[in-house]
4 protein chains.
Amino acid sequence: MCESALTEALHEECGVFGIYDKTGETDMVSAVYSALYALQHRGQESCGMALNVDGVLSGYRDLGLVSEVFTKRVLEDLPHDAKMATGHVRYATAGQRSRSNAQPMVLHHCKGAMAICHNGNLVNAPKLRRKLEMSGSIFHGTSDTEVIGYLLTQNRLLTPNIEMAVSRTMDDIEGAYSLVIMTHTKLIAARDPNGFRPLCIGELPDGAGYAFASESCALDAVGARFVRDVRPGEIVIADHAGLRSIDTHCNTAPHTICVFEYIYFARPDSVIEGTCVHEARLQAGRFLAQEHPVEADVVIGAPDSGLDAALGYAQESGIPYGIGFIKNKYVGRTFIQGNQKQRENSVRIKLNAIESTVKGKRVVLVDDSIVRGTTSARTIRLLREAGAKEVHYRISAPPFIHPCYFGTDIPDEKDLIATGHTVEEINRLVGSDTLGYLSVEHVKQLAIHSHCDFCTGCFTGQYPVTPPAETMDIVYDKPLSVSNPQKKL
Amino acid sequence: MCESALTEALHEECGVFGIYDKTGETDMVSAVYSALYALQHRGQESCGMALNVDGVLSGYRDLGLVSEVFTKRVLEDLPHDAKMATGHVRYATAGQRSRSNAQPMVLHHCKGAMAICHNGNLVNAPKLRRKLEMSGSIFHGTSDTEVIGYLLTQNRLLTPNIEMAVSRTMDDIEGAYSLVIMTHTKLIAARDPNGFRPLCIGELPDGAGYAFASESCALDAVGARFVRDVRPGEIVIADHAGLRSIDTHCNTAPHTICVFEYIYFARPDSVIEGTCVHEARLQAGRFLAQEHPVEADVVIGAPDSGLDAALGYAQESGIPYGIGFIKNKYVGRTFIQGNQKQRENSVRIKLNAIESTVKGKRVVLVDDSIVRGTTSARTIRLLREAGAKEVHYRISAPPFIHPCYFGTDIPDEKDLIATGHTVEEINRLVGSDTLGYLSVEHVKQLAIHSHCDFCTGCFTGQYPVTPPAETMDIVYDKPLSVSNPQKKL
Amino acid sequence: MCESALTEALHEECGVFGIYDKTGETDMVSAVYSALYALQHRGQESCGMALNVDGVLSGYRDLGLVSEVFTKRVLEDLPHDAKMATGHVRYATAGQRSRSNAQPMVLHHCKGAMAICHNGNLVNAPKLRRKLEMSGSIFHGTSDTEVIGYLLTQNRLLTPNIEMAVSRTMDDIEGAYSLVIMTHTKLIAARDPNGFRPLCIGELPDGAGYAFASESCALDAVGARFVRDVRPGEIVIADHAGLRSIDTHCNTAPHTICVFEYIYFARPDSVIEGTCVHEARLQAGRFLAQEHPVEADVVIGAPDSGLDAALGYAQESGIPYGIGFIKNKYVGRTFIQGNQKQRENSVRIKLNAIESTVKGKRVVLVDDSIVRGTTSARTIRLLREAGAKEVHYRISAPPFIHPCYFGTDIPDEKDLIATGHTVEEINRLVGSDTLGYLSVEHVKQLAIHSHCDFCTGCFTGQYPVTPPAETMDIVYDKPLSVSNPQKKL
Amino acid sequence: MCESALTEALHEECGVFGIYDKTGETDMVSAVYSALYALQHRGQESCGMALNVDGVLSGYRDLGLVSEVFTKRVLEDLPHDAKMATGHVRYATAGQRSRSNAQPMVLHHCKGAMAICHNGNLVNAPKLRRKLEMSGSIFHGTSDTEVIGYLLTQNRLLTPNIEMAVSRTMDDIEGAYSLVIMTHTKLIAARDPNGFRPLCIGELPDGAGYAFASESCALDAVGARFVRDVRPGEIVIADHAGLRSIDTHCNTAPHTICVFEYIYFARPDSVIEGTCVHEARLQAGRFLAQEHPVEADVVIGAPDSGLDAALGYAQESGIPYGIGFIKNKYVGRTFIQGNQKQRENSVRIKLNAIESTVKGKRVVLVDDSIVRGTTSARTIRLLREAGAKEVHYRISAPPFIHPCYFGTDIPDEKDLIATGHTVEEINRLVGSDTLGYLSVEHVKQLAIHSHCDFCTGCFTGQYPVTPPAETMDIVYDKPLSVSNPQKKL
């Protein structure tokens, strides 16, 4: 789950899903709807689905949460006789908040139509885009997905089938991508050779068909059995003939999944590369207790994302686990006016400390990250006001201080408290008695059942793939550039 | 005004608008908003505007009426420091009701960005599209405008400036088009050599800039002075250097404006090719009185679009003009349940006859068209129930029995009462005592101050440009086709 | 129809409706819905309906237009097996805009439940309310209707049936009231002895039942045959036994219907006291032509409410009738920003002059009223800018300069241009060449088929019933008063 | 927190709040808004606030959650210069879902205006209402609060001040009530002599004023310091003179607070009668472990309301505490279609088991109640499917099998699984291996710091106050009754 007490949250860029039922017994609209709900934590800006009815592709997508976009009326109006479908949830930064970037992107080309769902970030997208533009291509939005769409289309003209076009396209693109592509007869999953973003395969009951999803929790949501992860570099095709795999690009790069999937993004009930996310977070708490032990009376988690690690810390340290906060589940958007004092109190609308747990106690507070620090400070103050004698703040990840080029939206460096301050300074700024971060060494050992490496670039600045010299933003934000993006549309 | 008592209305496909104020004193958001309101009768499905702030193009468009899409909040969020802007209202048939077809279409290409507004219909769009697809182009929607966008982009690569690209593109495309194109420095209007659809030029007060609009009523709405119509085949460029014209394509075809603009589509206060639309309709009524005289006590119009011609009929015949109907101005979407009788009464929610005008009288009822005939029958029944002794039905246009390939959405032939019935049969079916249509000869003389010919293809089946052998629908509706359109997105 | 080009419109306070079908064949929800649509012009602030299913009363009401309050979903959720129902539309001044004043008011008392619909204004409401409060009554809102509810309830305890309670209540209340009351078995209409507000009786097809309505257009909307007006002072009861009348209060006061019903409020297709409203307005135009003749080329009406009188003026004067304005039927709420010039142009979003009608002409412009004068000035300016040579402004009513105590919401005297200015001054302020108002003498002769007198208090200050010394506002607005109204609820 | 995994939840009827700041420094709108958010769990059907600006009372209330009713726009439109205010959240059964029952109820009477907020249920309301009706009173809704309003008003006529009227009214009414009443100068809290429902007093910072609230979490939300509970039978008055108390009705009945407040309704962070609710729930878990020990590997709670007791069970038993479920925080209203299988899977949209916690384990599942049993069965099935070897189901309350007459909405007996089945049968029906309920004896010892008795009527059928022979429902549901409630309004 990606939201902690922190309102200054990190953001994953997307969740993808695809499903094919050759028997036609699964209602595809309901299936994609359920899966998108399960993946909602991976993107809250926009969502959409594309449906394949006898080879005809249609779609619906809009800005908003699944519950906002797929109203009863919209669901009823969609065709319910599809046998194949894809879905997508998306997060994007404010400047790119745009309906024209919503996915699945449905494209028409000379060999038919195609729906594309993409999670990740290409490092060579600006270069590819410029090249395409020079040959007369036009772009409606700013997302990498449109670049991928062109490449797939052009490669499709040169290859006998779509899977070959996907393979050729993978020769061209660099960076992080987990793709689900639907044509009029095939459903295809593809994952970049580093396997930055998760992607897994499920089987429908009675072998009726298959599903692809960013996380296994979406397979659970549609009643599909988890089969295995898509391998880094693998292309998996589901169609009437069953499931088959192309492994040309496998083992061409080290397997370096984003470690933040375990720490922060993925749902605790998802299993990624063999390790349950909840288990990895328990482990993070245990490591934290080893690295940063302290004498205390109770261990509590910052709701909701610190709870798992807090329980791990309690298990390892022997200090009792407690429930320290109550989170108001009815809180929507709030508009507090009044004076400064009132606005500060208003934090308690969302979160309140439980006095009987913390009063007069030495408290270990476990959280998954500190971004700007303001929310941390406020949370710690709640504990002090509820009577906590000491607050020992433990973070189940290292400080992140470097940008991510592979699909995570990390705030500007200037907004990151860890960029400009030592741990000791942060400890003072947020008001804790002691502060401890998990080490990079331990973070690489969280996924206890997994046999892969990790991208820890946001902690170390060392990336498995060379970051780009320019980003799309750079291309489009130069005021004198002839090429300017639409800001809203 | 395009809606009559008829609910089975004809539909114009679009209205276009562009404005440039070099002084920056005009609030472009408000100007486009006002203009789109004035053009709303030309398209109620979707609308949008694109704004140019220092060369950066942004836009907003959505399904819905101007009042629904441009809420207070949306208006406030749009940038108010643009010096150039375009706007568009669109109608489309149900199957193509799609956000991705909404305009202005903002495109990014290697020379920058471009916003395109289009009114009309290309006869060779399917052919052009197929050719583009064969060279790797991808399409997000089904509208002709995306085809035009590709051609402009590709021609732009081969030409020194955008106006040359427009000119080259006009060599490629055939059919009806009134275009307004905005680049980062220029606002361009272009009209097909036949001048099927109207397009005119206005000047802002004190020579501050220029505006282009489908109808002069939109110039009035922004306080611009009407200068002249864009000539058929002409390209007009407005930029910091003023206004200039390219006439390469002028006089390459006969000037054949769609006669339905006068009869039906355009607003009565608009002046097209020198003739005020209201005046043309008065004239239609006068001709009707000459062609189909009758002894009667009162002449009334079917609200709202029959009123002008009714007054003309009264003037010519000497029979007093009366107000025969009251139209409920509060009626929105209505959901009448209950039995058959109740649903029939429910017509009176929208329209009621005024008894004191028609009771015991011989009534001439003037309308602008009969489509299916059911609304006509219902309207005539209202008069009978209010006590009319006789009802003489006069239509200010000939029967339309042929499809339009130039931008008008005419119902399927099977839904047109005039296709399968004689005038005498229609008279019996709608329940009038006598029925008279305006002749094709007279319809060509309505625009009394205009020096052009008219396209009367929907009446005669003879078109100024050869209709296409295939339409986009044909291309996309074949179930076995590999190329399938998205139905909704 | 109550809205003219004037945005500073007068406001009627309410429309009432009731229907009873002993056969149960009429869908009551649809019937009331249709009737409220037909009466919408009498009140746009709130609306509601109450339904009687086997003696159990339920209701739904809210702020908003009929189309906004009665959405598809609300309509479906309402019970469709009622045999009796009432409905109400309401206007109220801003300060009293309140859901708790919406009607029908459904009350429970010891003899059962009751739904009350009221149009009018009691002159002794403050006195009655104070008396009720002194005996322990509590009030939820500020409307007269709650006072009527208490009196009906208390009189019901002292009388054998509801009709006797209505009769007794009519002994207590003074002023203007047209009431429709529904109990578990009866539908009752009652009208004050002066008959200030209209109220009429209709019969359902095949004698299946009856309907009561403020205006006959609502009877048309439900397919009921107009029977006659409810007589001033009459109580009419519809139940399983048929229709019966109590005339105890008839002829106890002169019949003085509000003349503004003809001039302004009622729909042209309604017949009130034997005269069609459209006919009365034609007559107003004819009288105007007699009183204020002028040499001119064309007579036009200010849309929509000046059209009927303009036609009358043209008929009497022999000057041709013309269509001078086009009104934009798509205009909703508009939010024009920009500079002063742009906001002025924005008037043209709503209304534009037709040049070919007025250019170079001497124009007679007929309107139904001048309130503040600003809209009049703007309308006349539109004509000048379209080239009118002269504008002769004719108003189909006398200047109103006195408050109304009988159910019309007239702006504060300070906002009425006629209060502080002579006709000559107004002529100059609005920019017309000449200005003429209809005389009070003629206004009393408009309803050419009616045999009643008129209340012309707003023109003359002479009222048929003594106005109150205090109003509810006075009671409730004193800041030191112990009794304070809720402003919103 | 009142919602468990159970969708068949119990419902508290209301939460009340009042605040007075003599300095005027607190923004009353924001304060009530924050407090209602904190009390939202006590009622989700409707909410409202009333504001007192210089003695003038105004209010706003509607159906919906706080976030739905108090939009940004509504908040801005409310007056922000009040010094006194009240607020209310309400739950009601479907049949009575009615805007006219929403609170605060603002009433006008001869001594001024009054806003009433009520939590509880009067046992003699039907009798009182009938008596009031017989003397001519009218009722707009069906809630007890309108009865209280009449009694207060009538007693106010006979007494020198409002507090005496409250005291006299308390002589008349029987049952459960926690009231907050606002007049033009006073804010009054009153609690029934049994103290069925909680009500507490807070003090604003720097002694600026006071607040009353159903739960202390609402005091926290506005930054008020908890002072003490209102005593059963006490009347507390806050005005410019400070705080004073009338204890005439104190100690006239045993203090028997509803035990479900601790088990189910109240928020864990609230302190009621000296005991923190979280602490009481931990204690319930500890007692459960004593009463129903079992050999197991992990203890988990049903989210969210079983978590506290699960931790208590773990502490007492020594079995490790685990996190067994992940709850989807994005789930709104869902519309799952498709076949039976798909609808069953859709449970996983809301809740999913964490495999790594339960696989191969003997699991103790702690929940706070079993209502119909279907949700319990589904939750247990999730655990089985995730690999749990055994599931031992522990309920932190006794089976409830009797109706509540004091403000809790318990489902019909026929819908309660415990009514017709033994514990052994329920164990089989829900699919657990063993099932244990907390005993009534232990439930009375949960509030470990409290010195009061408890109402356990829903478990034992023995009530501290004699239940009524009839309920309002009985009075109003007889089809032949002359008195029928409005169903919707």
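Residues numbered from 1 in each chain as written. Chains lettered and ligands numbered in written order. Predicted model: local features only at pLDDT ≥ 70, side-chain atom pairs only at ≥ 80, totals over all residues. Heavy atoms only, no water.

Novice: What am I meant to see in the side chain of Asp21 of chain C here?
Specialist: Residue and element names in this part refer to chain C. Examined against the element boundaries, Asp21 turns out to sit in strand β2 (residues 14–21). For Asp21, the side chain forms a polar contact with the main-chain nitrogen of Glu25, separated by 3.5 Å. Discounting residues that sit within four places of it in the chain, Asp21 has contacts with Thr26, Met28, Lys83, Leu204, Ala208 and Gly209. (Helix = DSSP H or I, 4+ residues; strand = E, 2+ residues; numbered from the N terminus. Polar contact = N/O pair within 3.5 Å; in protein donor to acceptor, adjacent residues only side chain to side chain. Contact = heavy atoms within 4.5 Å.)

Novice: Looking at this structure, I do not really get the relation of the copies chain C and chain B. What am I missing?
Specialist: Both copies of the chain are related by a screw-like operation: a rotation about an axis and a shift along it. Of the transformation superimposing chain C on chain B, the axial component is 0.1 Å and the angular component is 180°, with the fit at an RMSD of 0.1 Å. Look at the turn and shift together and you get a two-fold axis relating the two. (Least-squares fit on C-alpha atoms with pLDDT ≥ 70 in both.)

Novice: In this structure, what is going on with the side chain of Asp368 of chain D? I would like to understand it.
Specialist: Residue and element names in this part refer to chain D. With respect to the element layout, Asp368 can be found in the loop between β21 (362–367) and α14 (374–385). Despite being buried, Asp368 has no salt bridge partner; Arg281 is the closest side chain of opposite charge, sitting 6.1 Å away. At a separation of 2.7 Å, a polar atom in the side chain of Asp368 contacts the side chain of Ser305. Here Ser369 takes part through its side chain, which lies 3.2 Å from a polar atom of the side chain of Asp368. (Buried < 20%, exposed > 50% of the residue type's maximum accessible area, 1.4 Å probe, protein only. Lys, Arg positive; Asp, Glu negative; His and termini not counted. Salt bridge = Lys/Arg side-chain N within 4 Å of Asp/Glu carboxyl O.)

Novice: When you look at the environment of Leu132 of chain B in this model, what are you seeing that I'm missing?
Specialist: Residue and element names in this part refer to chain B. On the secondary structure map, Leu132 appears in helix α4 (residues 125–134). The sequence separation of Leu132 and Leu151 amounts to 19 residues, and the corresponding C-alpha distance is 8.8 Å. Once residues lying within four places of it in the same chain are set aside, the contact partners of Leu132 are Ser137, Phe139, Val147, Tyr150 and Gln154.

Novice: Teacher, can you tell me more about the UniProt feature "active site" (unreviewed entry) in chain A here?
Specialist: Residues and elements named next belong to chain A. When the UniProt feature table is mapped to this numbering, "active site" (unreviewed entry) covers Cys14. The residue Cys14 is located in strand β2 (residues 14–21) in this model. Here Cys14 is in contact with Arg42, His88, Val89, Arg90, His118, Asn119 and Ser214, once residues within four sequence places are set aside. (UniProt positions renumbered as here; feature names shortened; annotations may be inferred.)

Novice: What exactly am I supposed to notice about the interface of chain C and chain B here?
Specialist: Note: interface size is frequently given as the accessible area lost on complex formation between the parts. Residue-level contacts link 60 residues of chain C with 62 residues of chain B. When chain C packs against chain B, close to 5,000 Å² is buried across both sides, 60% of that on carbon and sulfur atoms. Joining chain C to chain B, the criterion identifies 0 salt bridges. When residues in the side of chain C that touches chain B are grouped by element, the largest group, 6 residues, is from helix α1 (residues 28–39) of chain C. The residue makeup of the side of chain C that touches chain B, split by class, is 24 nonpolar, 22 polar and 14 charged. (Buried area = accessible area lost by both parts, 1.4 Å probe. Nonpolar A, V, L, I, M, F, W, Y, C, P; charged D, E, K, R; others polar.)

Novice: I tried to follow the relation of the copies chain A and chain B on my own but got confused; where do I start?
Specialist: Once chain A is rotated about the relating axis by 180° and shifted along it by 0.1 Å, it coincides with chain B to within an RMSD of 0.1 Å. Comparing contact sets, 100% of the residues at the interface of chain A also lie at the interface in chain B, consistent with an isologous, same-surface contact.

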